[in-house]
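Analysis of the macromolecular model
What follows is each chain in one-letter form.
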Amino acid sequence: MPRPYLQLDVFADRPGVGNPLAVVLDAQGLDDDAMQAIARWTRLPETTFVLPATTPDADYRLRIFSPRHEVPFAGHPSVGTAHAALEAGLAAPHDGLLVQEGAAGNLPLRVEGAGHARTIAVRTPRARQVEIADAADPRLRDALASLPLGALPPALMDGGRRWWLAELRDEAALRSAEPDWDAIAKLATDTGSMGLCVFARSSDPVYYLAVRAFVGAPARFEDAASGAANATLAAWLASQDALPGPDGHYRISQGREVGHDAIIELFVDNAGDVWSGGRVQTVVRGEIAW
């Protein structure tokens, strides 16, 4: 049975600069093996599958698969799927909000604006601080050896996925950093984390932080734009009273070093919840026959 199928560019104001996502609408009848096989076939960072909600509070249900396994929560798949559901007429915001049902529970998404200017932000699961470490820690030493560090100490945060976070001295140092992939892979494996997310403050008029996220396991790659990693970073900065923007709002730049140019908008509200979002571009519309 052919099913509506989209490929999107998430956290992008134009095609080709954000994080790609495949969305299969009307995924009823696909079992776990079929969803995993489709996600493996698309070869995109994640593929999502839209299903009817099972609770009256949610507008739709989604499942998220990487090419290797199901993912309980990720930022750019959540934001992109909300965009797809709105475009397909499967959901409409109520008081500016959608509610997404998934493995991480029911999560609200804030929808602002319309058309090309529309932004969508998901309230991410609460992140917690696992530990604060020293750069000389044997687990971190090799991964950080070539990186000029900034003011905040390295920290391990858990927002559904664990990330080591490290502030670098300035944006120039971040842009020119050469990751030690062997060391980052060992760090990820030894600590049950995704790897190392580094950030630096910026004087650019568009964004406040530049960010790079080095995934060490199970594969080794630099993420083009990670809503979840940046939400975890926002929670860490909020806990240290170190948010860069006014009133809890700020923007980050990610992906230039891997041929992208994503902008992610972060907001830490008065309750301490982190919202991660941005614009989405529809690049491919069609059907998938599986």
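Residues numbered from 1 in each chain as written. Predicted model: local features only at pLDDT ≥ 70, side-chain atom pairs only at ≥ 80, totals over all residues. Heavy atoms only, no water.

By the naming in an unreviewed UniProt entry, the protein goes by PhzF family phenazine biosynthesis protein and is assigned to Luteimonas soli.

Leaving glycine out, the prevailing phi sign among residues is negative, and the prevailing peptide bond configuration is trans. In this chain, Ala 217 is followed by Pro 218 through a cis amide linkage whose omega measures 5°. Within the secondary structure layout, Pro 218 lies in the loop between strand E13 (209-215) and strand E14 (221-223). With phi around 55°, Asp 241 is a residue other than glycine that occupies positive phi space. Mapped onto the secondary structure, Asp 241 falls in the loop between helix H6 (227-239) and strand E15 (249-254). Exposure remark for Asp 241: the relative accessible area of 75% places this residue in the exposed category. (Helix = DSSP H or I, 4+ residues; strand = E, 2+ residues; numbered from the N terminus. Buried < 20%, exposed > 50% of the residue type's maximum accessible area, 1.4 Å probe, protein only.)

This part takes up the packing of aromatic side chains. Going through the model one piece at a time under the given rule, you end up with three aromatic pairs. Judged by centre distance (5.7 Å) and plane angle (90°), the rings of Phe 49 and Phe 65 are edge-to-face. Placement of Phe 49 in strand E3 (residues 47-51) and of Phe 65 in strand E4 (residues 60-65) is noted, with a sequence separation of 16 residues between them. The buried category is assigned to Phe 49, whose relative accessible area is 0%. Look at Phe 65 and you get buried, because its relative accessible area is 3%. The interplanar angle of 80° and the centroid separation of 5.7 Å between the aromatic rings of Trp 181 and Phe 214 together place this pair among those described as edge-to-face. On the criterion of sequence distance, the pair formed by Trp 181 in helix H5 (residues 181-191) and Phe 214 in strand E13 is long-range, its members being 33 residues apart. (Phe/Tyr/Trp six-rings, centres within 6.5 Å; stacked < 30°, edge-to-face > 60°.)

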